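Read off the chains here:
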Amino acid sequence: MPDIIQLLPDNIANQIAAGEVIQRPASAVKELLENAVDAGADEIRLIINDAGKALVQVIDNGKGMSETDARMAFERHATSKIRNIDDLFRIKTMGFRGEALASIAAVAQVELKTKRAEDDAGIYLEIENSFVKVQEPVAMENGTSIAMKNLFFNVPARRNFLKSNTAELRHIVDEFIRVAMAFPEIFFSLSSNGQQVFHLEKGTLKQRIVQVLGTNYNARLVNVQEHTDYLNITGFVGKPETAKKTRGDQYFFVNNRFIKSAYLNHAVMNAFDEMIAKDSFPMYTLFIDLDPAQLDINVHPTKQEIKFEDEKIVYAFVQSAVKHALAQFSITPTLDFELDGSIQNLDAVSKPFTGDQQSTASSSSLFQTFTQKNQAHFIENKSELKHWRDFYEKDDMVLSQTQARAGSQFSQYAPKTVSDAPALTDALLQLHQSYIVVQNDNGYLLVNQQNAHERILYEKFINAVAGKPIATQQSLFPVSIDLSATDAVILLELLPDLQQLGYALEPFGNNSFVVQGTPADVMHGNEKTAIEKMLEQYKHFSNDLKFSKREKLMRSLALQQSIKGGTVLALKEMESLLQNLFACATPNSTPNGKPTYMTFKKDEMDKMFGR
Ligand code: ADP
Ligand code: MG
């Protein structure tokens, strides 16, 4: 028998490795933007065609590359950023794995132009399938331009996995915003199919937040500033009144690197505690800076997850820093609400603390937490931290259990028969403002009002999209809503379906929309909340691949518009609820498979009582 093991050629090995780093156009956007930042650029332009499937190009005015470096850059494990394993724990750059360009060159066609200040001419390279096809000098400004064309042209299976243009563009905008937020001192622009989407002038973090997330945060940001021996936390949280029904405007950066952390998110939510409604989400853009030795950023190929040496301490600091900031805000006069920009910059306004207020704040225990030496130990012993893992993990568990149940439950409540239908002649009884008790031929039904209503709405929506559009009631005073760029992209995608469901919305530029009309039964004045809640629900479903866009929309609206438990119902309302429920094709469960009612048989009751 001959030996059978062979080494893979470099281009194949790179293609395989690329799977980890470059999953979609947005991954290339992230890597190329980060390289431009690492190159010291202060102007970075991103150009996209066809949601990045045809072109992702990043042009920077950074330090450029020499001819040899330009070729080397595309080798796997080629990096100028670390030399040995110890460097990993003193990382100051965004990149260090030396994999991005090699991966991109393995799965796309790449055109590189780069020039250093000390060179007279730049160099132009064309690379395909990891091989350099063209190399020639080029006249250009200092800096680098990398164009990635036809992503996955040589891996059709991966290309087929890409989502719709709207979905891919949304990912790109997300990545763009994450980098742009972290570097307000750099100019960024994004254009897509020749249209400018973002043009972000250099400025302060505050200005960048307002540029990116919308002017409704203007004068509604609370500064977070805590400097300790162990770490620094800086940034902004939105004042409680800016909390939205949709998650999204929430950013953590650790040593300027965007990270996802449900755990730290929990710390911020905890700090807001009673100040916002339970189902709303505050804006935050927080920067946590600490000694790189306290971190392992190399736990994930795209570096969005990191490991803290001691995450409990970070949790405690984040929570206290936000609490502290909010406490200051609440004793700050609410002067700055309607003031215009020029007045706001006056010292007296921008520094609203009087000496008295300052000493009150500094004598608070929170403040002391931060000024005490060795506060790490101090915080670790705080009792509120002891059970963090309990509540944190419990939440997750409950969630996944309900999800698991939702799937299997459906069969149990599969359509029964009309014989369940109640007799509506008798008085109806509402229990706990959540349940309706009603008699039928065989016994009685206990109906959950919210679940029942969800089913009714869902079937109404199904009929609407099947050709019986729901009438729109024109608003007398159309309201406008400002969304984050990400939410705006989602909403844009949903407009035609929303129209069928009675919502007339028009894009108004700059991520805002005008609500021209809503279905008659959506209360006027509530349009904005209704849309925000719908989007939040929609995003909740959005990882669920088995549902179409429209299905997700209908389920979201049904959930969001349903009358909630705790609502008192008049007799008439209970009657029509029951009538509509039993007119449904599938009256006995919600679209997600929760029961809408339970039956209690008279036979059984008789037995129980020995009759
Ligand atoms: P990493 O960023 O992890 O080092 P990359 O594959 O992203 O790996 O890049 C490889 C190298 O190419 C970088 O270390 C850097 O020296 C060089 N490089 C990449 N992009 C640029 C750029 N826009 N300007 C200057 N040098 C760059
Ligand atoms: Mg890189």
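Keep in mind that what you see is a predicted model, and the values were worked out from it rather than measured.

(A) Here's a closer look at the overall build of the protein. Along its length, the protein carries 22 helices and 22 strands. Expressed as a percentage of the 611 residues in the protein, the buried residues total 48%. Relative to all contacts within the protein whose residues are 6 or more apart in sequence, the contacts with residues 24 or more apart total 68%. When the accessible area of the protein is evaluated, it comes to approximately 30,700 Å², of which 52% is carbon and sulfur surface.

(B) Up close: the pattern of salt bridges. Per the counting criterion, the structure on display carries 23 salt bridges. In this structure, the salt-bridge partner of arginine 24 is glutamate 168, at a minimum N-O distance of 3.0 Å. Of this pair, arginine 24 sits in the loop between helix H1 (10-21) and helix H2 (25-38) while glutamate 168 sits in helix H6 (residues 165-182), and the two are 144 residues apart along the sequence. For arginine 90, the salt bridge goes to aspartate 87, with nearest N and O atoms at 3.1 Å. Each of the salt bridges in this network shares a partner with another, and the network as a whole consists of Arg116, Glu118 and Asp119.

(C) Structural view of helix H20 (residues 549-561). Between the first and last C-alpha of H20 there are 18 Å, a value that for 13 residues agrees with the 18 Å anticipated at 1.5 Å per step. In terms of residue burial, H20 counts as a mostly covered element, since 11 of its 13 residues are buried. Listing the buried residues of H20 in full gives Glu551, Lys552, Leu553, Met554, Arg555, Ser556, Leu557, Ala558, Leu559, Gln560 and Gln561. Buried residues in H20 make contact with helix H17 (449-465), helix H18 (485-500) and helix H19 (527-541).

(D) Summary view of the nonpolar core. Residues Leu46, Phe176 and Phe188 are the most contacted members of the largest nonpolar core, which totals 66 residues. In terms of residues, this core owes the most to one element, H6, which gives 8 residues. When residues are assigned to domains, this core turns out to be shared by domain 1 (10-203) and domain 2 (206-331), each giving three or more. Formed by 38 residues, the second largest nonpolar core is a distinct cluster that contains Phe96, Leu286, Leu326 and Phe329.

(E) Broad picture of the sheet that holds strand S17 (residues 435-439). Spatially, the 4 strands line up as an open sheet ordered S16-S17-S18-S22, and their pairing is antiparallel. Edge strands, defined here as strands with exactly one partner in the open sheet, are strand S16 (429-431) and strand S22 (597-601). Averaged over all pairs of adjacent strands, the angle between strand axes in this sheet comes to 25 degrees, irrespective of strand direction. Most of the contacts of H17 go to strand S18 (residues 443-448), to which it runs at about 75 degrees, and overall it touches S16, S17 and S18. Sheet strands touched by helix H21 (residues 571-582): S16, S17, S18 and S22. Its angle to S17, the strand with the most contacts, is close to 75 degrees.

(F) Representation of the site of ligand 1 in the model. Residues in close proximity to ligand 1 total 18 residues, the closest being Asn35, Thr79, Ser80, Lys81 and Gly98. Here an oxygen atom of ligand 1 and a backbone polar atom of glycine 98 are 2.7 Å apart. Interatomic distance of 3.3 Å between a backbone N/O atom of alanine 100 and an oxygen atom of ligand 1. If ligand 1 stood free it would expose 530 Å²; the protein chains cover 93% of that surface. Broken down by class, the residue content of the shell around ligand 1 amounts to 7 nonpolar, 7 polar and 4 charged.

(G) Representation of the packing of H19 against H20. Relative to each other, H19 and H20 sit at 125 degrees, their axes nearing to 8 Å. With respect to their mutual orientation, H19 and H20 come out oblique. Crossing geometry of H19 relative to H20 is assigned as right-handed. Across the interface between the two elements, Ala530, Lys533, Met534, Gln537, Tyr538 and Phe541 from H19 touch Lys549, Lys552, Leu553, Arg555, Ser556, Leu557, Leu559 and Gln560 from H20.

(H) Up close: H21. Here H21 spans 17 Å end to end across 12 residues, near enough to the 16 Å set by a 1.5 Å rise per residue. For H21, the set of buried residues is Met574, Leu577, Leu578, Leu581 and Phe582. End-on view of H21: buried residues confined to an arc of 115 degrees, all on one side of the axis. Against S16, S17, S18, H17 and S22 lie the buried residues of H21.

(I) Expanded view of unusual backbone geometry. Phi at alanine 51 takes a positive value of approximately 55 degrees, unusual for a residue other than glycine. Summarising the element assignment, alanine 51 is placed in the loop between strand S1 (43-49) and strand S2 (55-60).

(J) Focus on the packing of aromatic side chains. Per the stated rule, a full pass over the model turns up 11 aromatic pairs. Aromatic side chains tyrosine 251 and phenylalanine 258 sit 6.2 Å apart centroid to centroid with 65 degrees between the ring planes, which places their arrangement in the edge-to-face category. Of the two residues, tyrosine 251 and phenylalanine 258, neither departs from the other in class, the shared state being buried. Three or more aromatic residues joined by ring pairs make a cluster, and in this case those are Tyr251, Phe253, Phe258 and Phe287.

Rules and cut-offs
Residues numbered from 1 in each chain as written. Chains lettered and ligands numbered in written order. Predicted model: local features only at pLDDT ≥ 70, side-chain atom pairs only at ≥ 80, totals over all residues. Heavy atoms only, no water. Helix = DSSP H or I, 4+ residues; strand = E, 2+ residues; numbered from the N terminus. Buried < 20%, exposed > 50% of the residue type's maximum accessible area, 1.4 Å probe, protein only. Contact = heavy atoms within 4.5 Å. Areas by Shrake-Rupley, 256 points an atom, 1.4 Å probe, with all protein chains shown as cover. Salt bridge = Lys/Arg side-chain N within 4 Å of Asp/Glu carboxyl O. Expected span 1.5 Å × (residues − 1). Core = buried A, V, L, I, M, F, W, Y, C linked by side-chain atoms within 4.5 Å. Domains from an automatic or database assignment. Pairing = 2+ DSSP bridges. Axes fitted to C-alpha atoms, helices over the stretch in contact; angles between N-to-C directions. Near = heavy atom within 4 Å. Polar contact = N/O pair within 3.5 Å; in protein donor to acceptor, adjacent residues only side chain to side chain. Nonpolar A, V, L, I, M, F, W, Y, C, P; charged D, E, K, R; others polar. Parallel < 35°, antiparallel > 145°, perpendicular 65-115°, else oblique. Left-handed = near helix turned anticlockwise from the far one by under 90°. Arc of directions from axis to C-beta. Phe/Tyr/Trp six-rings, centres within 6.5 Å; stacked < 30°, edge-to-face > 60°.

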